[in-house]
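Structural characterization, general
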Amino acid sequence: GALVALIGSAAMAAPPGNTNLTATAKYSASSEWESDQGNTTFVAAKAFDGDLTTRWNVASGDNDGSWIEADWDQPVTINKVVVRQAFNRLAGFRVQQRDAGSTDWKDAYVAEDAGYTAVVGVDPNNPTFNIRLAQPIQTAGLRILFTQTLSAPSIFEVEAWNNPAGTVTGTVTDASGKPVAGATVSAGGDQTTTDAA
């Protein structure tokens, strides 16, 4: 039942300057569904347009090792990444960063195995991944590298934030006062799960 979570602001209105940083980026992907045939319905930009009714989808056969990316002219600071998946096609991915002027990608968060379980949302059909980075990163590029796929990755949105954080502590108990393990506690767009204590 113990809860110690680093979470974002729980305020209803976003603080000034708290905006999705991907809105000012340039976009690319390892592939785009049928773009070679002139289809623009599933291009990379659709995963950064703020519209949950549009999505990016890889080309047929581009599964493990596929990626989607946002790049900025000037480095940005990011402390939270949200990946809104269409369907349930992932089993693992990496959030990566790139320094200005570099082509080398470094892992900022590995969402594989326990790291994947820690950030996967509750909707089994269209999971949303909320990743609060341990330390903010300054980066000129953000890439989501899909390392473990069940089928062709398809993403509604990738968001990058540099929003305020805080700490919530407490204990979730049942009616008899016993701690509850596995309870999901959320504040704003962040959530965590209680342990046995």
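Residues numbered from 1 in each chain as written. Predicted model: local features only at pLDDT ≥ 70, side-chain atom pairs only at ≥ 80, totals over all residues. Heavy atoms only, no water.

Quick look at the confidence of the model for the protein now. Looking at the protein, pLDDT values average 87 and 84% of them are 70 or higher. When mean pLDDT is taken per element in the protein, strand β3 (residues 56–57) scores highest with 98 and strand β1 (residues 2–8) scores lowest with 45. Throughout residues 2–16 the model reports pLDDT below 50, and contacts reaching past four residues in sequence, or to other chains, amount to 38 contacts. (pLDDT = per-residue confidence, 0-100. Helix = DSSP H or I, 4+ residues; strand = E, 2+ residues; numbered from the N terminus. Contact = heavy atoms within 4.5 Å.)

With that settled, the discussion passes to the pattern of salt bridges. One pass over the structure, following the stated rule, counts six salt bridges. The salt bridge partner of Glu 159 is Arg 84, with a shortest N-O separation of 2.7 Å. Residue Glu 159 is located in strand β8 (residues 154–161), and its partner Arg 84 is located in strand β4 (residues 66–85); the two are separated by 75 residues in the primary sequence. By relative accessible area, Glu 159 is classed as buried at 9%. The structure contains a network of salt bridges with shared partners spanning Arg 94, Asp 107 and Glu 112. (Salt bridge = Lys/Arg side-chain N within 4 Å of Asp/Glu carboxyl O. Buried < 20%, exposed > 50% of the residue type's maximum accessible area, 1.4 Å probe, protein only.)

Our focus in this paragraph is the packing of aromatic side chains. Applying the stated criterion across every chain yields a total of five aromatic pairs. Measuring from centroid to centroid gives 4.4 Å for Tyr 27 and Phe 48, while their planes differ by 5°, and the two rings are stacked. With Tyr 27 in strand β2 (residues 26–29) and Phe 48 in the loop between β2 and β3, this pair connects stretches of sequence that are 21 residues apart. Among the residues examined, Phe 48 registers a relative accessible area of 5% and is labelled buried. Each ring, one from Phe 93 and one from Phe 129, has its centre 4.9 Å from the other, and the planes form 75°; the classification is edge-to-face. Of this pair, Phe 93 sits in strand β5 (residues 90–98) while Phe 129 is found in strand β7 (residues 128–149), placing the two residues 36 residues apart along the sequence. Side by side, Phe 93 and Phe 129 carry an identical accessibility label, which is buried. (Phe/Tyr/Trp six-rings, centres within 6.5 Å; stacked < 30°, edge-to-face > 60°.)

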